Amino acid sequence: MKAKKCIECEKETYQADQICVACKIGLTQMHAELIDLLKKDKKWNLQKLKIAKMG
């Protein structure tokens with residue numbers, strides 16, 4: 001089976017509909033949205049974030 005390019009992100013895929021799995025589940029869109037949020041809000045204060053302790 002020959003690899004084709006995804007019609008949304010241009011990555012190689014073997015899917016018959018030419019849309020990779022990452023695009024199908026919305027991973028590429030979530031990644032882009034996260035990058036936009038991080039660029040807009042540069043005042044992340046990691047000291048104040050509460051981290052849940054496991055165990």
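Report follows, based on the coordinates. Keep in mind that this is a model prediction, so the values were computed, not measured.

## Quick look at a nonpolar patch on the surface
At step 1: There is a patch of nonpolar side chains on the surface, built from Val21, Ile25, Leu27 and Met30 and spanning about 390 Å² of accessible area.
At step 2: By secondary structure assignment, the location of isoleucine 25 is in the loop between helix H1 (21–24) and helix H2 (27–40).

## Some thoughts on the environment of glutamine 15
At step 1: For glutamine 15, the position within the fold is in the loop between strand S2 (12–13) and H1.
At step 2: Note on glutamine 15: relative accessible area 29%, which makes it partly exposed.
At step 3: Counting along the chain gives 12 residues from glutamine 15 to alanine 3, while the straight-line C-alpha distance between them is 8.3 Å.
At step 4: Those residues in contact with glutamine 15 that lie beyond four places of it in its chain are Cys20, Val21 and Lys24.

Conventions we followed
Residues numbered from 1 in each chain as written. Predicted model: local features only at pLDDT ≥ 70, side-chain atom pairs only at ≥ 80, totals over all residues. Heavy atoms only, no water. Patch = residues over 30% accessible without salt bridge, like charges linked within 9 Å, V, L, I, M, F, W, Y side chains within 5 Å. Areas by Shrake-Rupley, 256 points an atom, 1.4 Å probe, with all protein chains shown as cover. Salt bridge = Lys/Arg side-chain N within 4 Å of Asp/Glu carboxyl O. Helix = DSSP H or I, 4+ residues; strand = E, 2+ residues; numbered from the N terminus. Buried < 20%, exposed > 50% of the residue type's maximum accessible area, 1.4 Å probe, protein only. Contact = heavy atoms within 4.5 Å.

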